[in-house]
Amino acid sequence: MNTRSVIDVALVNNEIDLARFRVDYLSGLIQRHLFVEANIDHGGVERPYSLVDFWGHGVPEEVIILRFDVPSRVRAHGSRWAVEEYSRQWAMAKAMSLFPNSIILISDIDEVPSRAQVVQLPSVVEPSGKATLPMVTSYRRANWLADGGRPRWRKAKAFTAESFDPALRFRRAPLVTAQPGQHFRYLGFSSERAVLKHQSFAHREFDVPRELQAEAWRLADSYLLANVPSIGHRGAGLLIASGRNSLSDPARFLVHSRPDLFEARDSIAPVRERLVASLVVSRLFAARNGKDTRRWPTTSLTQFMVALLAQLGSFIGLRVLFRVIRRLVQGSPSRPGGRTLVDAMRGVNLFGDWKVSSTELRAFQVAVGHVQSKPQPNIERQNNVQFRQRAHFDHIESD
């Protein structure tokens, strides 16, 4: 019988409401929640407050809030994704050092697994050492769903220390087939809060002038769309407003205590106009200099044809071609523990390529300060370990 406990590890950025909801919703199923926050945001700005400051009446016993300092060499890389990837690897390594015999569930705070997934998780993880937890994706409201409500978001992962992979978020793993969880994007956000999020977001391309984001937000609410560029993605960012009976289990639990996060829509504009509106949203985010702020009419036939062609490309030839190319370059790394071409393009595993063994894992944990290095009787061996610890993160400076 499997006796492994589940440790919930989530990266946070002051999302206190989601943290509380996560703890309440998964109560009794998780041994510990590890909420991990960096001392800076992705833009390099210091965070003056911690999640502890927002919790109020004391942090629950099962919650551990971990705050860490991003090293200067990571900041010097100049990429927001460097901070993102360092934070995720720091969180995974810390969880493994604290709970080496547990199942580690790693996700962002807004990626909430269903209770059924957590129950099923041990049986899926045991054979291969890792798992993917599919989720539906919502924008702004718990019932405004992307992809027609299908669980296509697959970035939340689970693993054991023996099968640790620093780029696990972008790897394939056996699916947890229980009722899906939910990725709550921009849950309850206002336009102004979205602007602040994008200023410190890993996706630098979303950080455009405030007036452009405000217009994109207005269109997204008016036409029930994703509030980020989506015209080139399958579904074009067109959302559906699901009914209460169709909510995922996490959303149903959330809406019971927060009915303001559920909003029905009695009428929605025609698909033709919504496609054009999605095209406009994407163009607004592309107009970084702030000059192109005019409003395209959503009834324009020309704009509709442009939007339609973008969607056809995502559904047929171009999408198939890109998928084939991706599978070709995403095959096997050039060496054990190395990066594939896709990893390199995404900026995954910027902090050194290594063969995942117990020795390497310990060296990584020592490098980020999670465990103490044992005294080595052999001076040459000790110096080699220290060199590897430095090289692990110094590698970022040469990328």
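Since we're looking at a predicted model, the values are computed, not measured.

Draft legend 1. Region of interest: empty space enclosed by the protein. Throughout the structure, instances matching the rule amount to 2 cavities of 30 Å³ or more. Here the largest cavity defines a volume of roughly 50 Å³. Per-class residue counts for the lining of the largest cavity are 5 nonpolar, no polar and 4 charged. By volume, the second largest cavity amounts to about 40 Å³. Together, Ser 191, Ala 194, Val 195, His 198, Gln 213, Trp 217, Asn 227 and Phe 285 line the second largest cavity.

Draft legend 2. Here's a closer look at helix α5 (residues 115–128). Of all bends in α5, the biggest is about 45 degrees, found at Leu 121, and the proline Pro 122 comes one to four residues later. If you check which residues of α5 are buried, you get Gln 117, Val 118, Leu 121, Pro 122, Val 124 and Val 125. Among the structural elements, β1 (6–11), β4 (103–108), β6 (130–132), β9 (157–159) and β10 (181–185) are those in contact with the buried residues of α5. At the C-terminal side of α5, Gly 129 shows a positive phi close to 85 degrees.

Draft legend 3. The packing of helix α1 (residues 16–25) against helix α8 (residues 249–257), seen in detail. Axis separation between α1 and α8 bottoms out at 11 Å; the angle between their running directions is 110 degrees. On the basis of the axis angle, α1 is roughly perpendicular to α8. Between α1 and α8 lies a crossing whose hand is right-handed. Contact residues: Phe 21, Asp 24 and Tyr 25 in α1; Asp 249, Pro 250, Phe 253 and Leu 254 in α8. Tallied by class, the residues present in the contact of α1 with α8 amount to 5 nonpolar, no polar and 2 charged.

Draft legend 4. The arrangement of the sheet that holds β6 in detail. If you walk across this open sheet you meet the 6 strands as β3-β2-β1-β4-β9-β6, and the pairing is mixed. On the outer flanks of this sheet lie β3 (63–68) and β6, each paired with one strand and no other. Ignoring strand direction, the axes of neighbouring strands in this sheet form an average angle of 20 degrees. As paired strands, β4 and β9 are joined by 3 bridges and run antiparallel to one another. Along β9, the bridge assignment pairs Leu 105 with Ala 158. Where α1 meets the sheet, its contacts fall on β1, β2 (32–38), β3 and β4, and the angle it forms with β2 comes to roughly 165 degrees. The sheet contacts of helix α4 (residues 80–98) involve β1, β2, β3, β4 and β9, and relative to β4 the element is tilted by about 155 degrees.

Draft legend 5. Spatial organisation of the packing of aromatic side chains. Evaluation of the coordinates by the stated rule reveals 13 aromatic pairs. Among the aromatic residues, those joined into a cluster by ring pairs are Phe 21, Tyr 25, Phe 184 and Phe 253. Above the face of the Trp 144 ring, Arg 141 is positioned so that its terminal group lies 5.5 Å from the ring centre. Against the face of Tyr 186 rests Lys 197, its NZ or CZ located 5.7 Å from the ring centre.

Draft legend 6. Representation of the environment of Arg 80. Along the chain, Arg 80 turns up in helix α4. Looking at Arg 80, the relative accessible area reads 8%, which means it is buried. Between the C-alpha atom of Arg 80 and that of Ala 202, which follows or precedes it by 122 residues, the distance is 4.9 Å. When near neighbours in sequence (up to four residues on either side) are disregarded, Arg 80 contacts His 42, Gly 43, His 198, Gln 199, Ser 200, Phe 201, Ala 202, Arg 204 and Asp 207.

Draft legend 7. Just the nonpolar core, in detail. Grouped together as the largest cluster of nonpolar side chains are 40 residues, with contacts concentrated most on Phe 35, Leu 51, Trp 55, Leu 121 and Phe 184. Among the elements of the structure, β1, α1, α2 (51–55), β3, β4, α5 and α8 are those that each provide at least two residues to this core. It is α1 that provides the largest number of residues to this core, a total of 6 residues. Aside from chain neighbours lying at most four places away, what touches Trp 55 is Ile 16, Ala 19, Arg 20, Val 23, Phe 35, Pro 60, Val 63 and Ile 65. Ranked by size, the runner-up nonpolar core spans 31 residues in total, among them Ala 194, Leu 212, Val 228 and Ile 231.

Draft legend 8. Spatial organisation of the packing of helix α7 (residues 210–223) against helix α9 (residues 271–286). Where α7 contacts α9, the axes come no closer than 9 Å and their chain directions differ by 160 degrees. Here α9 runs roughly antiparallel to α7, going by the angle between their axes. Here α7 runs over α9; the crossing is left-handed. Along its contact with α7, which presents Leu 212, Gln 213, Glu 215, Ala 216, Leu 219 and Tyr 223, the element α9 presents Glu 273, Arg 274, Ala 277, Val 280, Val 281, Leu 284 and Phe 285.

Draft legend 9. Quick look at α7. Relative to the 20 Å expected for 14 residues at 1.5 Å per residue, α7 spans 20 Å between its end C-alpha atoms, a close match to the ideal helical length. Taken together, the buried positions of α7 are Leu 212, Gln 213, Glu 215, Ala 216, Trp 217, Leu 219, Ala 220 and Tyr 223. For α7, the elements touching its buried residues are α6 (191–199) and α9. Of the residues trailing α7, Leu 224 is marked for its positive phi of about 55 degrees.

Conventions and cut-offs
Residues numbered from 1 in each chain as written. Predicted model: local features only at pLDDT ≥ 70, side-chain atom pairs only at ≥ 80, totals over all residues. Heavy atoms only, no water. 1 Å grid on protein atoms, 1.4 Å probe; cavity = no way out; pocket = protein on both sides within 12 Å on 5 of 7 lines; lining within 4 Å. Points joined across faces, edges and corners; volume = space filled by probe spheres on them. Nonpolar A, V, L, I, M, F, W, Y, C, P; charged D, E, K, R; others polar. Bend = angle between axes of the 7 residues up to and from the residue. Helix = DSSP H or I, 4+ residues; strand = E, 2+ residues; numbered from the N terminus. Buried < 20%, exposed > 50% of the residue type's maximum accessible area, 1.4 Å probe, protein only. Contact = heavy atoms within 4.5 Å. Axes fitted to C-alpha atoms, helices over the stretch in contact; angles between N-to-C directions. Parallel < 35°, antiparallel > 145°, perpendicular 65-115°, else oblique. Left-handed = near helix turned anticlockwise from the far one by under 90°. Pairing = 2+ DSSP bridges. Phe/Tyr/Trp six-rings, centres within 6.5 Å; stacked < 30°, edge-to-face > 60°. Lys NZ or Arg CZ within 6 Å of the ring centre and 35° of its normal. Core = buried A, V, L, I, M, F, W, Y, C linked by side-chain atoms within 4.5 Å. Expected span 1.5 Å × (residues − 1).

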